[in-house]
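Observations on the three-dimensional arrangement
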Amino acid sequence: MDLTGDVAHTRLWLLAAVVLLIVLSMLLVGTGWSASVARLGGIWAGVVLLTFFTVAMTTGAAGLRTPLTVELWAPEPRAGRVDVLLNVATQISDLNRGDAAQLPLTILNEGSPALHWLFRYWQVTDVSQLATEATPALIISPSGNLSLSVKYRGEPLVLQETGAWDKVSPSNLLKWFIYRQLPVQQSSVILWGAQ
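All chains use their own residue numbering, which begins from 1 and follows the written sequence. Under the rules for a predicted model, residues below a pLDDT of 70 receive no local features and side-chain atom pairs below 80 are neither given nor counted, while totals for whole chains, interfaces and linings still include all residues. To obtain the side-chain values, all non-hydrogen atoms of the structure were included, while hydrogens and water were left out.

With that settled, the discussion passes to the environment of Ser141. Per the convention used, a helix needs a DSSP run of H or I reaching at least four residues, while a strand needs a run of E reaching at least two, with both numbered from the N terminus. You can see Ser141 is positioned in strand 4 (residues 138-141). The spacing of Ser141 and Leu191 is 50 residues in sequence and 6.8 Å in space, taken between C-alpha atoms. Any two residues having at least one pair of non-hydrogen atoms within 4.5 Å are treated as being in contact. Residue contacts for Ser141: discarding those within four places in its chain leaves Leu108, Val189, Ile190 and Trp192. The definition of a polar contact used here is a pair of N or O atoms within 3.5 Å, where within protein one atom must be able to donate a hydrogen and the other to accept one, and adjacent residues in sequence count solely through side-chain atom pairs. At a separation of 2.9 Å, a polar atom in the side chain of Ser141 contacts the side chain of Trp192.

Here you go:
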């Protein structure tokens with residue numbers, strides 16, 4: 001949502017009109033019945049609104065909201081689409097060996113605990129560099145090309161995401177406050193399979 005567009009200005013005017021209507025309603029109730037009734041109604045409306053807001057923020061912070069949103073209390077970096085990474089590796093293993101998690105997996109220069117936990121049932125080898133004549137069946141590397149004797153085909157997949165709080169503008173802050181959407185910085189790995 002861009003705060004400079006006509007649609008954004010219309011929405012901000014509509015928000016101001018709603019707040020003005022609430023204040024006007026409380027003034028009319030205070031004039032018609034009593035100030036204590038208007039105050040009590042305003043307090044109850046605020047309690048109900050804050051209760052719904054708290055439940056919504058709690059589900060987001062607990063990671064129960066789908067898709068995952070950027071929250072203040074969530075641990076970062078959070079896992080990216082690691083389910084896709086595991087599914088692709090499982091399909092490659094199933095096609096080559098007829099069973100999931102049977103191909104040996106080599107992790108090249110990536111010390112992510114989430115990645116190691118994801119492939120906990122696999123035969124995993126951690127290496128800092130590969131010899132040119134090495135031919136592992138599956139390789140996970142942070143980025144770049146492999147210079148090996150066998151040709152590999154790779155697919156970049158998101159491993160971790162971090163909220164880009166340093167790039168927050170007023171329009172992003174308003175969008176985060178309402179929808180919990182914020183630009184994210186992604187850390188990718190490449191899953192390589194021998195051709």
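Attention now moves to the nonpolar core. General note: in soluble globular proteins, nonpolar side chains tend to be found buried as a group. Buried Ala, Val, Leu, Ile, Met, Phe, Trp, Tyr and Cys residues form a nonpolar core when they are joined through side-chain atoms within 4.5 Å. Buried residues are those whose accessible area, probed at 1.4 Å on protein chains only, stays under 20% of the maximum for their type, while exposed residues exceed 50% and partly exposed ones sit between those limits. Counting 17 residues, the largest nonpolar core has Leu85, Phe119 and Leu191 as the members making the most contacts within it. When residues of this core are traced back to their parent elements, those giving at least two are helix 3 (82-97), strand 2 (105-108), helix 4 (113-118), strand 4, strand 5 (152-163) and strand 6 (184-194). It is helix 3 that provides the largest number of residues to this core, a total of four residues. Counting residues in hydrophobic clusters, the runner-up holds six residues, among them Ile139, Leu148, Tyr152 and Ile190.

For the rest of this paragraph, the subject is the packing of aromatic side chains. Pairing of aromatic rings covers Phe, Tyr and Trp, the last through its six-membered ring, and needs centres within 6.5 Å; plane angles under 30 degrees mean stacked, over 60 mean edge-to-face, and all others mean tilted. Scanning the model with the defined rule gives two aromatic pairs in all. Between Phe119 and Trp122, the ring centres sit 5.4 Å apart and the planes meet at 85 degrees, which makes this aromatic pair edge-to-face. As far as burial versus exposure is concerned, Phe119 and Trp122 are alike and both buried. Over the ring of Trp117 we find Arg120; its NZ or CZ atom is 4.1 Å from the centre of that ring. For the cation-ring pair, Arg180 lies above Trp176, with the distance from its terminal atom to the ring centre recorded as 4.0 Å. In our convention, an over-ring charge means Lys NZ or Arg CZ found within 6 Å of a ring centre and within 35 degrees of that ring's normal.

This next bit is on the sheet that holds strand 3 (residues 124-127). With mixed pairing, six strands are arranged side by side in an open sheet as 1-5-6-4-2-3. Each edge of the open sheet is held by one strand with a lone partner, namely strand 1 (78-79) and strand 3. As paired elements, strand 5 and strand 6 share eleven bridges and run antiparallel to each other. In the strand pairing of strand 6, Pro156 is matched with Ile190. Two strands form a pair only when DSSP identifies at least two bridges running between them.

This paragraph deals with the pairing of strand 4. What you see with strand 4 is no split at all: Leu138 and Ile140 on one side and Ile139 and Ser141 on the other are buried throughout. The pairing of strand 2 with strand 4 spans three bridges and is classified as parallel. Its bridge partner being in strand 4, Ile107 is matched across the sheet by Ile140. Here four bridges tie strand 4 to strand 6, and the two strands are oriented antiparallel to one another. Within the sheet, the bridge partner assigned to Ile140 lies in strand 6 and is Leu191.

Attention now moves to the environment of Asp83. With respect to the helices, strands and loops of the structure, Asp83 is situated in helix 3. Asp83 sits in the partly exposed class, given a relative accessible area of 39%. The spacing of Asp83 and Thr132 is 49 residues in sequence and 30 Å in space, taken between C-alpha atoms.

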